[in-house]
Amino acid sequence: MDGSDAPRVLIVGAGAVGRVLAHYLLRGGATVAFLVRRKEHAQHLASHPIEIHQLPLVPCGTTKVSTHVVAAYATLDDARNAGRWDVVFLALPSDALKRLEGLAELPCDAVVLMTQGLADHGVLVDKLRSTARHPPPTVIEGGITFIAWQAPIPRERFAAIPPRPDFTATSGGAGANVAAPVAFVLPAPFVLSMPKGQPATPVLNDLRGIMRKGGLSCKLVPSVGAELALAEGFLMPWLIALEAREWNWARLRSDRELRTVLAQAARESMRITISAHAGSLTCVQSVAIAAVRGWVIAVAMAIAPLLFCSFDIERYIEFHFGSKTAAQTILMVEGFVQAGKTAGLSTIAIEHLCGRNPRWSLIHAQASSTLTL
């Protein structure tokens, strides 16, 4: 990105996250296109504006609505023949990244990885090594800090955006309703970093500048993985426990025994993620991990719907993590267990918690198919 022309950005995946990114990148002056799996999705995206609703964090705030027309490709050949890309964003979950084929054939200068699975960086590097280009594209790590979904959420108890008769909620996987408007909330700045131990490159600062110009708060950090380690380490066990109680927040809050196991598993996984990304715990991280107790989880679950009151967060969690990214949760928790054993850290509570989830083996089996773009 030399500044002489609009940066060319390709987003692999046109789900809610991909479309929110496209919104900010377009506003920041980039030329943006999607790469999707289905021809009909590409045709619809290329001929219909994407509709983005930014919701306020507080009830008295104002919802901002934007529309954009974005080019889209359904095959790798089409995207490759469109010319060289400055940046390729991978708006995919961890399981889709593992099954992604042909990425090395895309002519690009940088690839932004936005999943936080402990093995994801290695998976991406292996895929890029298969290219004949020397050097291969620069890998940049990105952290998704906004909450986005295709509206309406199935079975939502109140509408985050006004109901539309031309769109209906679907419980299908990613891309099931490509025509649906997207809603999102932005509770924290987007984060970017180079992989651990690698020096910053100009493209990193260029990306931050584009995002900020587009209105997205964005900061550079030493390591995205370390920045989000505590949150990811807590989130994944919590999702396993919540699913074990059929995504019913009240049932999990009232199940003292399961919350105790969850707290133990969360402390284990938080230690493992910090160990993998940063090597050692800081005093603040140690205190944060020690504070994760069953009663604290119950209080936090009671408060969360009040904090995120502009949308139905309970139904969002069930829809997003229970169907769209369920396989990613399994892969990430399995990664925690493997990394913990390698580092000599306890994984007993994590494995016990997983045994409480009746869908564990089913989801694991569903993650083995092949995805080819």
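Residues numbered from 1 in each chain as written. Predicted model: local features only at pLDDT ≥ 70, side-chain atom pairs only at ≥ 80, totals over all residues. Heavy atoms only, no water.

**Structural notes on the overall build of the protein chain**
- The helix and strand inventory of the protein chain stands at 15 helices and 12 strands.
- Buried residues in the protein chain amount to 54% of all 373 residues.
- Taking the intrachain contacts of the protein chain between residues at least 6 apart in sequence as the baseline, contacts between residues at least 24 apart amount to 74%.
- Total accessible area on the protein chain stands at roughly 16,200 Å², and carbon and sulfur atoms take up 56% of it. (Helix = DSSP H or I, 4+ residues; strand = E, 2+ residues; numbered from the N terminus. Buried < 20%, exposed > 50% of the residue type's maximum accessible area, 1.4 Å probe, protein only. Contact = heavy atoms within 4.5 Å. Areas by Shrake-Rupley, 256 points an atom, 1.4 Å probe, with all protein chains shown as cover.)

**Some details on the confidence of the model for the protein chain**
- On average, residues of the protein chain carry a pLDDT of 87, and 89% of them reach 70 or more.
- Averaged over each element, pLDDT in the protein chain is lowest for helix H15 (residues 360–366) (50) and highest for helix H8 (residues 249–254) (97).
- Contacts for the low-pLDDT stretch residues 170–176, under 50 throughout, to residues beyond four places or in other chains number 15 contacts.
- Under a pLDDT of 50 for its full length, residues 363–373 has, in the predicted model, 24 contacts with residues more than four places off or in other chains. (pLDDT = per-residue confidence, 0-100.)

**Some details on the environment of alanine 298**
- Considering the arrangement of structural elements, one finds alanine 298 in helix H11 (residues 294–307).
- We classify alanine 298 as buried; its relative accessible area is 16%.
- Along the chain, alanine 298 and leucine 252 lie 46 residues apart, while their C-alpha atoms are 8.0 Å from each other.
- When residues no more than four places from it in sequence are discounted, the contact partners of alanine 298 are Arg253 and Arg259.

**A look at the sheet that holds strand E2 (residues 31–35)**
- Pairing is mixed in the open sheet, where 8 strands are placed in the order E5-E2-E1-E6-E7-E8-E11-E12. Every interior strand has two partners, whereas the edge strands, strand E5 (71–73) and strand E12 (218–220), have only one. Recorded for the sheet is a direction-independent mean angle of 25 degrees between the axes of neighbouring strands.
- Sheet topology note: the strand E1 (residues 8–12)/strand E6 (residues 85–90) ladder contains 4 bridges and is parallel. Counted as the bridge partner of isoleucine 11 is phenylalanine 89 from E6. (Pairing = 2+ DSSP bridges. Axes fitted to C-alpha atoms, helices over the stretch in contact; angles between N-to-C directions.)

**Quick word on the sheet that holds strand E10 (residues 182–185)**
- What the 4 strands build is an open sheet, ordered E4-E3-E10-E9; its pairing is mixed. Strands at the two margins of the open sheet, each flanked by one partner only, are strand E4 (64–68) and strand E9 (147–150). Adjacent strand axes in the sheet meet at a mean angle of 20 degrees when their direction is disregarded.
- Two elements, E9 and E10, share 4 bridges in a ladder whose sense is antiparallel. Paired with alanine 148 across the strands is phenylalanine 184, a residue of E10.

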